[in-house]
Amino acid sequence: MWNYAFIDWQNLHLWVTADGWNIDLNKFMIYLKNKYHVTKAFYYIGFQDPQNNNLYNTIQNAWFTLVFKQQTVQALSNKKWNVDSDMIFWAMKCLIKEPSNFENILLVTWDGDFKILVDFLIQERRFEKLLLPNRKRSSALLRRIDSKYINILSNLKPKIEK
């Protein structure tokens, strides 16, 4: 069994830093590989800013695949990068173009916009797990998903904290 992970960096980063800790990306990738047999992990981060090259190198050195949001010049001042549609598109693209390269999809987000994708993946038996940063702060839509499909990252803090 091989799985792909799709990670919403803004959701993950905002929650973790608000809770006062940081994820060690190397430990996180090892966890994803060992626990969920993740062979590819797509890290959706917004637009590419040369001032963040150290962050990008850290992410790539931990074996995540960076995916940047295409932005217009006007949108660059916006702090919310809204990678949701990109993540959903890429998940569906992988299902269509690479169906035999992986078994299931794992999502890391707290955003209710992904509920429709999760429902579809569960129906198609192609969903592995939803990693919520924190169940209480997550979308009410995602909290409706059967708990067998959910794992809470705050419970993993000792394993993946920097």
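Further up the page is the structure itself.
Remember, it's a predicted structure, so these values are computed and weren't measured experimentally. Chains are numbered independently. Their residues run from 1 in the order of the written sequence. Reporting of local features is limited, given that this is a predicted model, to residues whose pLDDT is at least 70; pairs of side-chain atoms are given and counted only at 80 or more, and all residues count toward the totals for whole chains, interfaces and linings. Heavy atoms from the whole structure form the basis of all side-chain values; hydrogens and water molecules are not counted.

**Some points on the sheet that holds strand β4 (residues 104-108)**
For step 1, the next point in the chain: Spatial strand order, β3-β2-β1-β4-β5-β6: six strands in an open sheet with parallel pairing. Every other strand in the sheet has two partners, leaving β3 (65-68) and β6 (150-152) as the edge strands with one partner each. In this sheet, neighbouring strand axes are inclined to one another by 20 degrees on average, regardless of whether the strands run parallel or antiparallel.
For step 2, the next point in the chain: Strand pairing is assigned whenever DSSP detects at least two bridges linking the two strands. Secondary structure elements follow DSSP: runs of H or I of four or more residues count as helices, runs of E of two or more count as strands, with numbering from the N terminus. Pairing between strand β2 (residues 38-46) and β3: four bridges, direction parallel. If you follow F42 over to β3, its bridge partner there is T65. Comment: axis = line fitted to C-alpha atoms, over the contacting stretch for helices; angle = value between 0 and 180 degrees taken between N-to-C directions.

**Considering helix α2 (residues 25-36)**
For step 1, the next point in the chain: To estimate the expected span of a helix, subtract one from its residue number and multiply by 1.5 Å. In a regular helix each residue adds 1.5 Å, so 12 residues correspond to 16 Å; α2 covers 16 Å between its end C-alpha atoms and thus fits that length.
For step 2, the next point in the chain: Residue exposure (1.4 Å probe, protein chains only): buried if accessible area is under 20% of the type maximum, exposed if over 50%, otherwise partly exposed. Inspection of α2 places L25, F28, M29, Y31, L32 and Y36 among the buried residues, and these make up the whole buried set. Looking straight down α2, one finds its buried side chains confined to an arc of 155 degrees; they lie on one side.
For step 3, the next point in the chain: In protein, a polar contact requires one atom able to donate a hydrogen and another able to accept it; more generally it is a pair of N or O atoms within 3.5 Å, and residues adjacent in sequence count only if both atoms are side-chain atoms. The distance from a side-chain oxygen at the start of α2 to the backbone nitrogen of N26 is 3.0 Å, and the residue carrying that oxygen is D24.
For step 4, the next point in the chain: Where α2 terminates, the next one or two residues include H37, which has phi positive at roughly 55 degrees. The arc in question is the one traced by the directions running from the helix axis out to the C-beta atoms.

**Things to note about the nonpolar core**
Burial of nonpolar side chains together is a common tendency in soluble globular proteins.
For step 1, the next point in the chain: What makes a nonpolar core is a set of buried Ala, Val, Leu, Ile, Met, Phe, Trp, Tyr and Cys residues whose side-chain atoms join them at distances within 4.5 Å. Of all hydrophobic cores here, the largest spans 29 residues; its most connected members are I7, L12, F28, L32, Y43 and F64.
For step 2, the next point in the chain: For this core, the elements supplying multiple residues, two or more each, are β1 (3-8), α1 (9-18), α2, β2, α3 (53-61) and β4.
For step 3, the next point in the chain: The element contributing the most residues to this core is α2, with six residues.
For step 4, the next point in the chain: We call two residues in contact when some of their heavy atoms are within 4.5 Å. Setting aside chain neighbours within four positions, we find I7 in contact with L12, F28, L32, A41, F42, Y43, Y44, F64, M87 and V108.
For step 5, the next point in the chain: Residues Y4, L132, L142 and I152 belong to the second largest nonpolar core, which totals 25 residues.

**Section: the layout of surface pockets**
Left-over empty space is what a probe sized like a water molecule reveals as it rolls over the atoms.
For step 1, the next point in the chain: Grid points spaced at 1 Å over the protein atoms alone were grouped into cavities, where a 1.4 Å probe fits but cannot get out, and pockets, open sets with protein on both sides within 12 Å along at least five of seven lines, with lining residues defined by an atom within 4 Å of a point. Grid points are joined across faces, edges and corners, and a volume is the space filled by probe spheres set on the points. The space that makes up the largest pocket amounts to roughly 270 Å³.
For step 2, the next point in the chain: Among the elements of the structure, α1, α2 and α3 are those that each provide at least two residues to the lining of the largest pocket.
For step 3, the next point in the chain: For the lining of the largest pocket, the leading source of residues is α1, giving four residues.
For step 4, the next point in the chain: For the lining of the largest pocket, the per-class residue count stands at eight nonpolar, four polar and two charged. Asp, Glu, Lys and Arg are counted as charged, while Ala, Val, Leu, Ile, Met, Phe, Trp, Tyr, Cys and Pro are counted as nonpolar; the rest, among them Gly, fall into the polar class.

**A word on the side chain of K115**
For step 1, the next point in the chain: Here K115 shows up in helix α5 (residues 115-123).
For step 2, the next point in the chain: The residues contacting K115, other than those within four sequence positions of it, are L141, L142, R144 and I145.

**Some details on the side chain of E128**
For step 1, the next point in the chain: Looking at the secondary structure, you find E128 in strand β5 (residues 127-132).
For step 2, the next point in the chain: Reaching out from E128, the side chain makes a polar contact with the side chain of N104 at a distance of 3.2 Å.
For step 3, the next point in the chain: Setting aside residues up to four positions removed in sequence, E128 forms contacts with M1, N3, Y36, N104, I105, L106 and Y149.

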